[in-house]
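Residue-level listing of the chains:
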Amino acid sequence: MDHHDHVALIRAAVRPGETWADLGSGDGAFTLALAELLGADGAIVSVDRDGGALTEQQRRIEAAFPAVAVRYVAADFRRALELPPLDGFVMANSLHFVPPPDQVPVLARLVSALRDGGRVVVVEYDAESGNRWVPHPIAARRWPAVAEAAGLAEPREIGRRPSRFLGAIYSGVAYRGVR
Ligand SMILES: C[S@@+](CC[C@H](N)C(=O)[O-])C[C@H]1O[C@@H](n2cnc3c(N)ncnc32)[C@H](O)[C@@H]1O
């Protein structure tokens, strides 16, 4: 997957000028995609517990999208985060590190940072069982139940890419409150 794939996976959920978070942002693949879609009037909070990854990500974003305001936060998204009111957040290949009994409560707490009508986008492997690199994937057929249990509405798939690793990657969106 390249930058164009990352953009395509989240494009349907993101509007220019909004405020988004990327939770478990790593090297910033989806932070870069958000930066392109949000543009210079947008704002991003990029959260990862790996401070080294955030430093590298900051270098890439400042080179590619210097006009976009990005705040880098080294933190664990399972704990309380100081977030502004968000139009949306992305969790790309990060919620699968949370064991299934905790996925819904973790997501539900993060949803409270969304404005009414705000969106959650997950990017996940469409796999029923995990491995040591992707311990707890959320298969596409499970996304609606996970989203609704976390208090979100209208869950649906908005993108998909084939993957040599675990078959396919999909993106799912769901909304807080009424759209
Ligand atoms: C596989 S990488 C995905 C990075 C990026 N989102 C992407 O899709 O390319 C997973 C990232 O999630 C981060 N992560 C996992 N659990 C986390 C947690 N509880 N809090 C913050 N970051 C976490 C890891 O440090 C890692 O950078």
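Anyway, here's the lowdown on the structure attached to this text. All figures in this text were calculated on a predicted structure; none of them were measured in a lab.

Time to look at the nonpolar core. Counting residues in each nonpolar core, the largest one holds 30 residues, and the members touching the most others are Leu-23, Phe-89, Met-91, Leu-107, Val-120, Trp-143 and Leu-152. Contributions of two or more residues to this core are made by β1 (19-23), β2 (43-48), β4 (86-92), α4 (100-111), β5 (114-125), α5 (143-149) and β7 (167-176). With four residues, the single largest contributor to this core is α4. Judged by nonpolar contacts, the second largest core, of 29 residues, contains Leu-32, Leu-34, Val-70 and Val-173.

Within helix α2 (residues 29-38), eight of the 10 residues are buried, which leaves the element mostly enclosed by the surrounding structure. Once α2 finishes, Gly-39 follows within two positions and takes phi at roughly 75°, a positive value.

Looking now at the site of the ligand. In the region of the ligand, 16 residues are neighbours, and Gly-24, Asp-48, Asp-76, Ala-92 and Asn-93 sit closest. Residue Asp-48 places a side-chain N or O atom 2.6 Å away from an oxygen atom belonging to the ligand. Between a nitrogen atom of the ligand and a main-chain N or O atom of Arg-49, the distance comes to 3.3 Å. Considering the ligand on its own, with 600 Å² of exposed area, one finds that the protein chains cover 81% of that surface. Cavity membership is defined here by more than half of the atoms lying within 2 Å of grid points; on that basis the ligand lies in the largest pocket.

Definitions and cut-offs
Residues numbered from 1 in each chain as written. Predicted model: local features only at pLDDT ≥ 70, side-chain atom pairs only at ≥ 80, totals over all residues. Heavy atoms only, no water. Core = buried A, V, L, I, M, F, W, Y, C linked by side-chain atoms within 4.5 Å. Buried < 20%, exposed > 50% of the residue type's maximum accessible area, 1.4 Å probe, protein only. Helix = DSSP H or I, 4+ residues; strand = E, 2+ residues; numbered from the N terminus. Near = heavy atom within 4 Å. Polar contact = N/O pair within 3.5 Å; in protein donor to acceptor, adjacent residues only side chain to side chain. Areas by Shrake-Rupley, 256 points an atom, 1.4 Å probe, with all protein chains shown as cover. 1 Å grid on protein atoms, 1.4 Å probe; cavity = no way out; pocket = protein on both sides within 12 Å on 5 of 7 lines; lining within 4 Å. Sits in = over half its atoms within 2 Å of the grid points.

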